[in-house]
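As a plain string of letters, each chain reads:
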Amino acid sequence: FKQALDELDAEGGIAGLAARYKANHQVLVRGMRKLGFKEYVPRKWQSHIITTFHYPAHPRFQFETFYRRLSEQGFVIYPGKLTKLDCFRIGNIGRLYERDMVALLTAIRATLAKMGVRQVRQHLQFQFERFIANRWVPFIRDHLIKHFQQQLDSCCALGLPIPYDEDYTHAIST
């Protein structure tokens, strides 16, 4: 017990310990965001003790494999059993320092690569672009065609000349 108190004093007391935990948390969150992970708890409510992250939205991500491979490298993370959402938790306390957070982030990046999980952000960007291409572009195109057709119908009904514009006719023909 005396050893723990001596170590606490050497670190600057509770304030020094809290500063280290905060630094660990900041390194971890910044690195996880760069990898495309999103925290479960909004930033203003987060603790510097443990941080919960959503599973990545990638078909090749399997938590059990992710957990096992990190464990084989000496890193322990925790399943997010506190919620109904798919998430996991990472602790920032104990004899952990910023260099340990960097090592963990390196292991996470390598583990995701071995699992065939592209950088999460890239996968989400790809999913978003595919959604836009498959859903929004046709919707907007169809909406514009409908609008142009209504304009043409109105001109014809009123006996007005139909304006000619190559871009306009190209939009109608595609």
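Look a little higher up for the structure.
Cut-offs applied
- Residues numbered from 1 in each chain as written.
- Predicted model: local features only at pLDDT ≥ 70, side-chain atom pairs only at ≥ 80, totals over all residues.
- Heavy atoms only, no water.
- 1 Å grid on protein atoms, 1.4 Å probe; cavity = no way out; pocket = protein on both sides within 12 Å on 5 of 7 lines; lining within 4 Å.
- Points joined across faces, edges and corners; volume = space filled by probe spheres on them.
- Helix = DSSP H or I, 4+ residues; strand = E, 2+ residues; numbered from the N terminus.
- Core = buried A, V, L, I, M, F, W, Y, C linked by side-chain atoms within 4.5 Å.
- Buried < 20%, exposed > 50% of the residue type's maximum accessible area, 1.4 Å probe, protein only.
- Expected span 1.5 Å × (residues − 1).

Draft legend 1. Local environment of the layout of surface pockets. In this structure, the largest pocket encloses a volume near 220 Å³. Taken together, 14 residues form the lining of the largest pocket, with Val76, Ile90, Gly91, Leu96 and Met101 sitting closest to its centre. At the level of secondary structure, the elements contributing two or more residues to the lining of the largest pocket comprise β3 (87-91) and α4 (98-114). The element best represented in the lining of the largest pocket is α4, accounting for three residues.

Draft legend 2. Spatial organisation of the nonpolar core. Core analysis: the largest hydrophobic core is formed by 23 residues, its most contacted members being Met32, Phe66, Phe88, Ile90 and Ile108. The greatest single-element share of this core, amounting to six residues, is contributed by α4.

Draft legend 3. Region of the structure containing helix α2 (residues 13-34). When the terminal C-alpha atoms of α2 are compared, their 32 Å separation across 22 residues agrees well with the 32 Å that a helix rising 1.5 Å per residue should span. One or two steps after α2, the chain reaches glycine 36, where phi turns positive at roughly 100°.

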